[in-house]
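# Summary of the model geometry
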Amino acid sequence: MEPRRTFPPPWTVREADEAWRVEDANGFAIVWFCWGRKTASGTWPDRMTRDEARRMAANFAKLPSIVSKPQSQ
């Protein structure tokens, strides 16, 4: 059985070339949110805008604090 992988908080958002990267406390990239630039032939139809990708990365980085909150009963 493989050891369980953990992604310790806090998670941070870093900008990369045409992407936002969410990293754990150790600097491991958990997920990338890619965005497309406008090119001479138009925009990438399957890519988010830079702002959409930034907002998704920021919300994804909040997951550890949301999941660890005790459930109110």
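Provided above is the structure to which this section pertains.
Below, the structure is looked at part by part.

Quick notes on the rules
Residues numbered from 1 in each chain as written. Predicted model: local features only at pLDDT ≥ 70, side-chain atom pairs only at ≥ 80, totals over all residues. Heavy atoms only, no water. Salt bridge = Lys/Arg side-chain N within 4 Å of Asp/Glu carboxyl O. Buried < 20%, exposed > 50% of the residue type's maximum accessible area, 1.4 Å probe, protein only. Helix = DSSP H or I, 4+ residues; strand = E, 2+ residues; numbered from the N terminus.

Within this structure, the stated rule accounts for 5 salt bridges. In this structure, Arg-14 and Glu-23 form a salt bridge, with 3.4 Å as the shortest nitrogen-oxygen distance. Taking the relative accessible area as the measure of exposure, Glu-23 reaches 9% and is therefore buried. Sharing partners across several salt bridges, the network here consists of Arg-14, Arg-21 and Glu-23.

Here the focus is unusual backbone geometry. The linkage connecting Pro-9 with the following residue, Pro-10, adopts the cis geometry, with an omega of 0 degrees. One can find Pro-10 in the segment before β1 (12–16). Its identity as a non-glycine residue notwithstanding, Glu-18 has a phi of 60 degrees, on the positive side. Relative to the helices and strands, Glu-18 is located in the loop between β1 and β2 (19–23). Its relative accessible area of 19% is what places Glu-18 among the buried residues.

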